[in-house]
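For reference, the chains in residue letters:
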Amino acid sequence: MAKVCVSEVFPVYNFTFELPTRVHFGQGSLEKLAELKESGSKVLLVYGGGSIKRAGIYGDALKILHGAGLEVFELSGVEPNPRIGSVRKGAKLCKENAIDTVLAIGGGSVIDCAKVTAAGAKYDGDAWDLVIDPMKIADALPIYVVLTVAATGSEMDPYAVISDLSKNEKWGTGSPLLTPKMSILDPSYTFSVSKKQTAAGTADIMSHTFENYFTPVEGFLQARFCEAVLKTCIHYGPVALNDPENYEARANLMWASSWAINGTLSAGSGVNWCVHPMEHELSAFYDITHGQGLAILTPHWMMHVLSEETAGKFAEYGVNVWGLDPKADAWTNALAAIECTRRFFKEELKLPMTLHEVGITEQDKFEIMAEKAAAGSEGCYVPLTKEDIVKIFKAAF
Ligand code: NZQ
Ligand code: ZN
């Protein structure tokens, strides 16, 4: 049957698309920070463990904020895989000081913490409620971002991922209210990002794209967008790794980060994600780096879901992204595409490729992690049961 865009027949083809984030891109964009005063006069500055101080961004930002007449409060020390405790602290600061704007300067962890802090500031109960039930996010302070790592796309999306490691819980939440009002993207701010985080960030951007590319709902334009983002990562990831101050590479990765998850690639596809729910369990139990976990799992997930039905899609990926021979049969190209992906992560990005390498040396949590991941990935490209996921974890071990 021909695919037609009629809502009764293919409801997932209909979508509402809005990009509310004002982006200032390029070197020197920090001067736009003064625009924050459009949202009030008291700002909570949220940042991590000190990288923004070492890079000089903190001092420059404070100068601009003070110059614009803004009163600045601080929430520092936000952890990678941000904890609910930091969010609670931030929400309390906002309430006690009648703060009216939240500014995140950092990577995805800092931005996510700032987002739920902004919602927590407007919520009477415990902020964890907002993590496990996005419907409870009814209001939020306006969120501003200065991005310092190309990875999660949190700078231009409505999502936030927060952990409570005391319960081995890591969940994503989301609301249009969490989408940043403005994001400053200066690629030179990512010159100082370590090789490890550069590689992990590139794998994360690619994974967001895979999650949108491998869908049973074929959107021709969407698929070509995905291939462009993947090729950008494959081309520029290794350049940034070997030449950290290469502006062109950092700029392309930064823009790819935002576009992989801002809704452009997923509009109309309507599928749930497959690999992210599995990785979130690894982070929840072992506090590993998100992008590394994705790189480890992705080739094994690809092999696990490869079948007569999916081979064509993997072959399309191989031909359009890796330049494989379009005349070869689909199964051959699908296998070659998966091997290209694995080798790229291992040899070009120098990422760990086993769970052992990131310190996961026991299998006793696989069952419980798989059960949670199976629930989280319901409705994904190829449905995954708990047993499927245990097999993927074991293959990656
Ligand atoms: O804490 P600081 O000192 O800032 O150091 C950070 C941190 O140690 C460092 N860093 C950041 N900018 C730097 C820098 N080091 C040197 N120079 C700079 N310019 O990098 C380390 C990692 O930072 P983090 O923010 O944790 O990295 P990333 O951006 O990869 O964020 C990962 C988190 O985002 C979540 C992940 O699960 C994880 O918790 N995700 C969020 C998503 C979203 N909001 O849409 C989607 C993603 O799929 C993902 O789940
Ligand atoms: Zn991700």
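Every value quoted in this text rests on a predicted model; they were computed, and no experiment measured them. (Residues numbered from 1 in each chain as written. Chains lettered and ligands numbered in written order. Predicted model: local features only at pLDDT ≥ 70, side-chain atom pairs only at ≥ 80, totals over all residues. Heavy atoms only, no water.)

## Let's talk about the packing of aromatic side chains
- Here the structure, examined in full by the defined rule, presents 16 aromatic pairs.
- For the pair F344 and F345, a centre-to-centre distance of 6.2 Å together with 50° between the ring planes defines the contact as tilted.
- Through a chain of ring-to-ring contacts, three or more aromatic side chains come together here, namely F210, Y213, F214, W301, F314, Y317 and Y381.
- Taking the ring centre of Y58 as reference, the NZ or CZ of K53 above it sits at 4.6 Å.
- In this arrangement the basic side chain of R224 is found over the ring face of F220, its NZ or CZ atom lying 4.5 Å from the centre. (Phe/Tyr/Trp six-rings, centres within 6.5 Å; stacked < 30°, edge-to-face > 60°. Lys NZ or Arg CZ within 6 Å of the ring centre and 35° of its normal.)

## Here's the deal with the environment of I184
- Positionally, I184 belongs in strand β8 (residues 182–185).
- Here I184 falls in the buried class, since its relative accessible area comes to 0%.
- A C-alpha to C-alpha distance of 6.3 Å links I184 and L147, two positions 37 residues apart in sequence.
- If we skip the residues at most four places from it in the chain, I184 touches H24, S29, L30, K32, L33, V145, V146 and L147. (Helix = DSSP H or I, 4+ residues; strand = E, 2+ residues; numbered from the N terminus. Buried < 20%, exposed > 50% of the residue type's maximum accessible area, 1.4 Å probe, protein only. Contact = heavy atoms within 4.5 Å.)

## So, the sheet that holds strand β3 (residues 71–75)
- Taken in spatial order, the six strands make up an open sheet running β1-β8-β5-β4-β2-β3, and their pairing is parallel. Of all the strands in the sheet, the pair left with one neighbour each is β1 (22–25) and β3. The average angle at which neighbouring strand axes cross in this sheet is 20°, direction not considered.
- Note: strand β2 (residues 42–46) against β3, five bridges, orientation parallel. Residue pairing across strands places V43 opposite V72, the latter belonging to β3.
- With respect to the sheet, helix α2 (residues 57–67) is in contact with β2, β3, β4 (101–106) and β5 (143–147), its orientation differing from that of β3 by roughly 150°.
- On top of the sheet, helix α4 (residues 108–120) reaches β2, β3, β4 and β5; it is set at about 170° to β4, its chief contact. (Pairing = 2+ DSSP bridges. Axes fitted to C-alpha atoms, helices over the stretch in contact; angles between N-to-C directions.)

## Some words on the site of ligand 1
- Taken together, 31 residues lie near ligand 1, and G49, S51, G108, S109 and D157 sit nearest.
- The separation between an oxygen atom of ligand 1 and a polar side-chain atom of D157 is 2.5 Å.
- Between Y189 and ligand 1, the recorded distance is 2.9 Å, taken from a backbone N or O atom to a nitrogen atom.
- When ligand 1 is considered free in solution it has 960 Å² of accessible area, and contact with the protein chains removes 89% of it.
- At the level of elements, α4, β6 (159–164), α6 (195–213) and α9 (275–286) are the ones that each hand at least two residues to the shell around ligand 1.
- Counting the residues that make up the shell around ligand 1, at least three belong to each of domain 1 (28–185) and domain 2 (195–396). (Near = heavy atom within 4 Å. Polar contact = N/O pair within 3.5 Å; in protein donor to acceptor, adjacent residues only side chain to side chain. Areas by Shrake-Rupley, 256 points an atom, 1.4 Å probe, with all protein chains shown as cover. Domains from an automatic or database assignment.)

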